[in-house]
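# Observations on the model geometry
What follows is each chain in one-letter form.
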Amino acid sequence: MTEALLRAEDLVMHYPTKAGGRPGRRGTAVKAVDGVSLAVQPGEVFGLVGESGCGKSTLGRLLLRIEAPTAGRVFFEGQDLGGFDRGRLKRFRRQAQIIYQDPYSALNPRQRVGRIIAEPLEIHGIGTATERQQRVAELLQVVGLRPGQAVRYPHEFSGGQRQRIVIARALALNPRLILADEPVSALDVSIQAQVINLLEELKGRFGLTYIFISHDLSVVEHISDRVAVMYLGRLVELAEREVFYQRPLHPYAQALLSAAPVPDPDAPRQRQILKGDVPSPINPPSGCTFHPRCPHQMPVCVEERPGLRELAPGHWVACHLY
Amino acid sequence: MSRWEGLQDLMRNWSAAAGMAIIAAILVVALAGPLLTPHDPLVPAPLDRLQGPSSAHPFGTDSLGRDILSRVIGGARISILIGVISVTISLLPGTLLGLLAGYFGRWIDSLIMRCMDMLLAFPAILLAIFITAVLEPNLTNTMIAVGIVYIPHYARIVRASVLSLKQQLFVQAVGHLGGSHTRILWRHVLPNCIPPIIVYATLGMGTAVLQAAALGFLGLGAQPPSPEWGAMLSEGRQYIQIAPHVAAFPGAAILLLVLGFNLFGDGLRDVLDPSLRSQ
């Protein structure tokens, strides 16, 4: 295996909560990310799925060191991001960019689009003002907008167009890695496909690597090479796309997939309806955090936390069933 | 869209245009003052005391027989100066303190805002009296006093905007791109704080003129015979039953100036916020 572009080791992110007033209750924390290890290979699309609140976005923020983890390390091209000083972290930002979920709030309403897209170039001191203008025009074309639109304000664009502007800004520095955090969830379905196609096209054209966070299984199936499933701050399954969609092993992943709509109305379906709600990440269940909702619950599941084990080459599952 | 088109947008907004016209008119009067005054605003004429409006004295005369029109014209310069300078004195440090407190939070926030609370705890006029009394009662110190009194107001307004802005994705995104705190504050946070500052500053101009007048009334502001509108107003109060014009004309002048600043400020706010602009 080639060296991973981005590798995480035992990432933990605990957000301390307000102490409940009683002395014994001090030190509670929301365990948003609770021991995640993964590796993203250069050139792949790494899909990260899970329901809201499972820690997907937090994990993304840790991977790009938007936030420092409570514990664990992230390596970019083999180098520990935790050891970076400000200068090196700034250089790392050139390599790793983000596409946000909400294109309406990701753009400064007071800046013209040209200025917004040129900002990363300005920050990193690339090119003269004229060169930056040319680059902005080029980027607008790359994402399917007209160079003349650089003088407009964000509010003059639709959601899909705004997301294209966000993408253009993310591409400005020729990054290697793009974290796409629910990039199409805020868009109309008809626009989603356009943006997904654009992302795929750009990946081929610029040799990008994506970490693609989504709760939409069909979108992830379309774009990802590998899929990781997250539940309550932990990875429960990680596999190649085809393997995962044909034969998910973790009961949670099975339930998720059975809940995803299938375009064929005659297709045989076995919906697995999960009991109950997602438990609180402040006080997660013991052992396997999924055990209270799991149809295959065994005594060991309450006692012992299952580790992520490789059951078949490249297929990792954290479950006591296997 | 160029800066020129921005100005055109401003002129198309009726409120901004009207405000600008009023301010421009008062500014012209202030600048051309000595050329326009029919009489010397400072020389008393005891024989012409408290005359009503006439062709010789369109606004009448005051208790010392001075021509009120001339004094109102002469006062335009003083009042605009008071408004602009005292608002500047409160706005610049207030904005800076609010930016720092809101953006950096923690102990910086506590330190700055507790100091602001201390200033706010005093009644405005009492604090202004205290400051002018300590410094020395004259027009300059009046402006400084009024300026200092309103620093906390700007700091609080700006801090509140910053607190909500720094949570916004577009502000955080600059940090994700590797942008410095300075860039985030000046390029992204400050420009988005401007509308409330403008609205407050225009209102503040009027308040400043009134506060300065109050200080003048107490003998701590503009000293007689200076034709300051607020002082003229206070002076006219004594004669309000026998010669209402003495208070009415400087009062109307203050009203007009404050109205001008308010209309202009409102219009400017609408134009500055592109998302509020009607298509």
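In this report, the structure presented in the accompanying data block is examined.

Reading guide: rules and limits
- Residues numbered from 1 in each chain as written.
- Chains lettered and ligands numbered in written order.
- Predicted model: local features only at pLDDT ≥ 70, side-chain atom pairs only at ≥ 80, totals over all residues.
- Heavy atoms only, no water.
- Helix = DSSP H or I, 4+ residues; strand = E, 2+ residues; numbered from the N terminus.
- Buried < 20%, exposed > 50% of the residue type's maximum accessible area, 1.4 Å probe, protein only.
- Contact = heavy atoms within 4.5 Å.
- Lys, Arg positive; Asp, Glu negative; His and termini not counted.
- Charge placed at Lys NZ, Arg CZ, Asp CG, Glu CD.
- Buried area = accessible area lost by both parts, 1.4 Å probe.
- Salt bridge = Lys/Arg side-chain N within 4 Å of Asp/Glu carboxyl O.
- Polar contact = N/O pair within 3.5 Å; in protein donor to acceptor, adjacent residues only side chain to side chain.
- Axes fitted to C-alpha atoms, helices over the stretch in contact; angles between N-to-C directions.
- Parallel < 35°, antiparallel > 145°, perpendicular 65-115°, else oblique.
- Left-handed = near helix turned anticlockwise from the far one by under 90°.
- Nonpolar A, V, L, I, M, F, W, Y, C, P; charged D, E, K, R; others polar.

### Some remarks on the overall build of chain B
When helices and strands are counted, chain B shows 10 helices and zero strands. When its helices and strands are written in sequence order, chain B yields α-α-α-α-α-α-α-α-α-α. Overall, chain B is about 75 × 45 × 30 Å in size when its C-alpha atoms are taken along their principal axes. The burial tally for chain B puts 48% of its 279 residues in the buried class. Counting only contacts in chain B whose residues sit at least 6 apart along the sequence, the fraction spanning at least 24 positions is 72%. With 16 positive and 14 negative side-chain charges, chain B shows a spacing of 11 Å between the two charge centroids.

### A short note on the interface of chain A and chain B
Each partner contributes residues to the interface: chain A has 26 residues there, and chain B has 22 residues. With both chains or domains summed, chain A and chain B bury close to 2,200 Å², and 53% of this area falls on carbon and sulfur atoms. Here chain A and chain B share three salt bridges between them. With its nearest N and O atoms 3.0 Å apart, the salt bridge here joins E122 of chain A to R187 of chain B. For the pair chain A and chain B, the interface holds 11 residue pairs in polar contact (both at pLDDT 80 or more). Elements with a minimum of two residues in the side of chain A that touches chain B: helix 2 (86-95), strand 6 (96-99) and helix 3 (113-123) of chain A. Considering every element that reaches the side of chain A that touches chain B, the biggest residue donor is helix 3 of chain A, with five residues.

### Things to note about the packing of helix 3 (residues 68-104) of chain B against helix 4 (residues 106-121) of chain B
All names here are of chain B. At a minimum axis separation of 7 Å, helix 3 and helix 4 run at an interaxial angle of 140 degrees. When the interaxial angle is binned, helix 3 and helix 4 end up oblique. The chirality of how helix 3 crosses helix 4 is left-handed. Where helix 3 approaches helix 4, its residues L97, L100, A101 and F104 are matched on the opposing element by R106, I108, D109, I112, M113 and M116. Among the residues making up the contact of helix 3 with helix 4, the classes are represented as eight nonpolar, no polar and two charged.

### Topic: the environment of A213 of chain B
All names here are of chain B. Relative to the helices and strands, A213 is located in helix 8 (residues 181-217). Among the residues examined, A213 registers a relative accessible area of 5% and is labelled buried. Residues A213 and I240 lie 27 residues apart in sequence; the distance between their C-alpha atoms is 17 Å. Excluding residues within four positions of it along the chain, A213 makes contact with E228, G230, A231 and S234.

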